[in-house]
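Read off the chains here:
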Amino acid sequence: MAVAVWNLVDEQATLASSHLRAEFNVRHPDQGMGNLQFQGRLLAGLKVLGLTPEPPVPWNHDRLEEQYVRGNDVVVSYPQTNHRPHRLQAYWRYFQEDPEAAGVELMLSIQTSLLHSEMAIRVVSQVAAQEVLYYDASRGDFAAVPAADRSPWHCESSGGLFLFRLLDGETS
C-alpha cells in the first residue's frame, strides 16, 4: 500500500505523496479538490470531487461534527441541519495502484432519522480538457464528445468511462 501524507490544519486538508499533491477546504466541499499536481506537474484547470447536495442547500459552515486523518483517508462528518436533514460522512482516500498511477477516491455515507426521506449528493468535477472521450461499451471503443456538448458539460452518474486529455496535451 502506498503511503500518503494527509495534513489537516483547521479546515484545510492537504495531500502530499511521492506522486500526487492536492488540497481542499473541508468546510466548503462544494469547491472540490484543487491545486492538483501529479509527479510534480501542476494539472491546471482541474478541480475534482466536490460535493453538492440535491436540491442545493447551503453547507453549515459554522461547525463540523468531526474531521480527522486516518491512514490514507481524510474523514469529515457534516451535521444534520434544518436545511439538510441528513448527516453526511465523506472519506477522501488516497490510493496508488502502480508506480505511474495514483488517485483519490471518494466514499460517502448518508444517515437520517427521518422516515421516507431522500437525499442525493452530486459529485462535481471541473476539468479543462482539450479532448473528452467516452467509452462506448456497445462498440468496444472510445468516441469523442463534441466540444459543443461539453461547455459546460454535465455527466450524469449513469455509468461509463470517460477519458479527459488535459490542456497540457501530456496528461490524461
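Reading the values: the criteria
- Residues numbered from 1 in each chain as written.
- Predicted model: local features only at pLDDT ≥ 70, side-chain atom pairs only at ≥ 80, totals over all residues.
- Heavy atoms only, no water.
- Patch = residues over 30% accessible without salt bridge, like charges linked within 9 Å, V, L, I, M, F, W, Y side chains within 5 Å.
- Areas by Shrake-Rupley, 256 points an atom, 1.4 Å probe, with all protein chains shown as cover.
- Salt bridge = Lys/Arg side-chain N within 4 Å of Asp/Glu carboxyl O.
- Helix = DSSP H or I, 4+ residues; strand = E, 2+ residues; numbered from the N terminus.
- Buried < 20%, exposed > 50% of the residue type's maximum accessible area, 1.4 Å probe, protein only.
- Pairing = 2+ DSSP bridges.
- Phe/Tyr/Trp six-rings, centres within 6.5 Å; stacked < 30°, edge-to-face > 60°.

## Structural notes on a nonpolar patch on the surface
Residues Tyr135, Phe142 and Leu161 make up a contiguous nonpolar surface patch of about 250 Å² in total accessible area. Relative to the helices and strands, Tyr135 is located in strand S12 (residues 129-136). For Tyr135, a relative accessible area of 30% gives the class partly exposed.

## Quick word on the sheet that holds strand S4 (residues 34-38)
Across the sheet, which stays open at both edges, the five strands sit in the order S1-S2-S3-S4-S5 with antiparallel pairing between neighbours. Of all strands in the sheet, those with a lone pairing partner are strand S1 (5-9) and strand S5 (41-42), marking the two edges. Pairing of S4 with S5, which is carried by two bridges, proceeds in the antiparallel orientation. Directly across from Phe38, in S5, lies its bridge partner Arg41.

## Structural notes on the packing of aromatic side chains
This structure, assessed with the given rule, holds three aromatic pairs. Judged by centre distance (6.1 Å) and plane angle (85°), the ring pair of Trp6 and Phe24 falls under edge-to-face. Separated by 18 residues along the polypeptide, Trp6 in strand S1 and Phe24 in strand S3 (residues 20-25) bring together distant segments of the chain. The pair formed by Trp6 and Phe24 is uniform in burial state, with each residue classed as buried. Considering the side-chain rings of Phe24 and Trp92, the 4.4 Å spacing of their centres and the 40° angle between planes classify their relative orientation as tilted. You can see Phe24 sitting in strand S3 and its partner Trp92 sitting in strand S9 (residues 87-98), a full 68 residues away along the chain. According to the relative accessible area criterion, Trp92 is buried, its value standing at 1%.

From the geometry alone we can't say anything about function, so treat these as descriptive.
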